[in-house]
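If you want the building blocks of each chain, they are given just below.
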Amino acid sequence: MPPSRPLPEDVRQALAAGKKVQALRLLRTRTGFDLRQALAAIESGQLPSNAGQLRQAVGDRSRMRNEPGPRISGLSPGEVPRSRSRAAVWITVGLLLVVLWLLLSGDRSGTRV
């Protein structure tokens, strides 16, 4: 059986304080383990030798997730940006209403007062 390594210090401290969920989160953040792997490591009290390098920055989760490319700011995930041609639509509708008004308001009686 390959040699094992001890859990990171902050994970051990969280376990000693009785915070197993926090310890799982810390271990997953540090190692990139999935939930099952992290739970097995915490229950055994050691990291497997093939765990790879620990992450240096605890908050670095961007490489762990399959996130899409850059998002347009201000939009929720799945939200489509609004079309910029909305003004052109309103101008066209306005012009059509003016033409319709001119056609319908023409002289009907044939005489003007």
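Here's what I pulled together on the structure shown here. Being a predicted model, the structure only gives us computed values, none of them experimental. (Residues numbered from 1 in each chain as written. Predicted model: local features only at pLDDT ≥ 70, side-chain atom pairs only at ≥ 80, totals over all residues. Heavy atoms only, no water.)

### Examining a nonpolar patch on the surface
Then, in step 1: A cluster of nonpolar side chains, namely Val89, Trp90, Val93, Leu97, Val99, Leu100, Leu103 and Leu104, defines an oily patch on the protein surface of about 830 Å² accessible area.
Then, in step 2: Mapped onto the fold, Trp90 is located in helix 4 (residues 86–104). (Patch = residues over 30% accessible without salt bridge, like charges linked within 9 Å, V, L, I, M, F, W, Y side chains within 5 Å. Areas by Shrake-Rupley, 256 points an atom, 1.4 Å probe, with all protein chains shown as cover. Salt bridge = Lys/Arg side-chain N within 4 Å of Asp/Glu carboxyl O. Helix = DSSP H or I, 4+ residues; strand = E, 2+ residues; numbered from the N terminus.)

### Some words on the packing of helix 2 (residues 20–31) against helix 3 (residues 35–44)
Then, in step 1: At a minimum axis separation of 9 Å, helix 2 and helix 3 run at an interaxial angle of 115°. Here helix 2 runs over helix 3; the crossing is right-handed. Residues Lys20, Ala23, Leu24, Leu27 and Arg28 of helix 2 lie in contact with helix 3, whose contacting residues are Leu35, Ala38, Leu39, Ala41, Ile42 and Glu43. (Axes fitted to C-alpha atoms, helices over the stretch in contact; angles between N-to-C directions. Left-handed = near helix turned anticlockwise from the far one by under 90°. Contact = heavy atoms within 4.5 Å.)

### Focus: the nonpolar core
Then, in step 1: By size, the foremost hydrophobic cluster in this structure holds 12 residues: Leu7, Val11, Ala14, Ala23, Leu24, Leu26, Leu27, Phe33, Ala38, Ala41, Ile42 and Leu47.
Then, in step 2: Listing elements by their share of this core, those giving two or more residues are helix 1 (9–16), helix 2 and helix 3.
Then, in step 3: In terms of residue count, the dominant contributor to this core is helix 2 (four residues).
Then, in step 4: Apart from the residues lying within four places of it in its own chain, the contact partners of Ala41 are Leu7, Leu27, Phe33, Gln46 and Leu47. (Core = buried A, V, L, I, M, F, W, Y, C linked by side-chain atoms within 4.5 Å. Buried < 20%, exposed > 50% of the residue type's maximum accessible area, 1.4 Å probe, protein only.)

### Observations concerning the environment of Glu79
Then, in step 1: Inspection of the secondary structure assignment puts Glu79 in the loop between strand 2 (46–47) and helix 4.
Then, in step 2: You can call Glu79 partly exposed: its relative accessible area is 42%.
Then, in step 3: A distance of 2.9 Å separates a polar atom in the side chain of Glu79 from the backbone nitrogen of Ser76. (Polar contact = N/O pair within 3.5 Å; in protein donor to acceptor, adjacent residues only side chain to side chain.)

### Examining helix 2
Then, in step 1: Between the first and last C-alpha of helix 2 there are 16 Å, a value that for 12 residues agrees with the 16 Å anticipated at 1.5 Å per step.
Then, in step 2: Buried within helix 2 are the following residues: Ala23, Leu24, Leu26, Leu27, Thr29, Arg30 and Thr31.
Then, in step 3: Buried residues along helix 2 sit in contact with helix 1, helix 3 and strand 2. (Expected span 1.5 Å × (residues − 1).)

### A look at helix 3
Then, in step 1: Buried residues of helix 3: Ala38, Ala41 and Ile42, and no others. Down the axis of helix 3, the buried side of the element spans an arc of 95°, and every buried residue falls inside it. Within helix 3, the exposed residues directed more than 90 degrees away from the buried face are Arg36 and Glu43.
Then, in step 2: Between the side-chain oxygen of the N-cap and the backbone nitrogen of Arg36 there are 3.3 Å, and the N-cap of helix 3 in question is Asp34.
Then, in step 3: Downstream of helix 3 by a residue or two, Gly45 has a phi angle that is positive, lying close to 80°. (Arc of directions from axis to C-beta.)

### Some points on the side chain of Thr29
Then, in step 1: Among the secondary structure elements, Thr29 is positioned in helix 2.
Then, in step 2: For Thr29, a relative accessible area of 3% translates into the label buried.
Then, in step 3: A polar atom in the side chain of Thr29 sits 2.8 Å from the backbone oxygen of Arg25.

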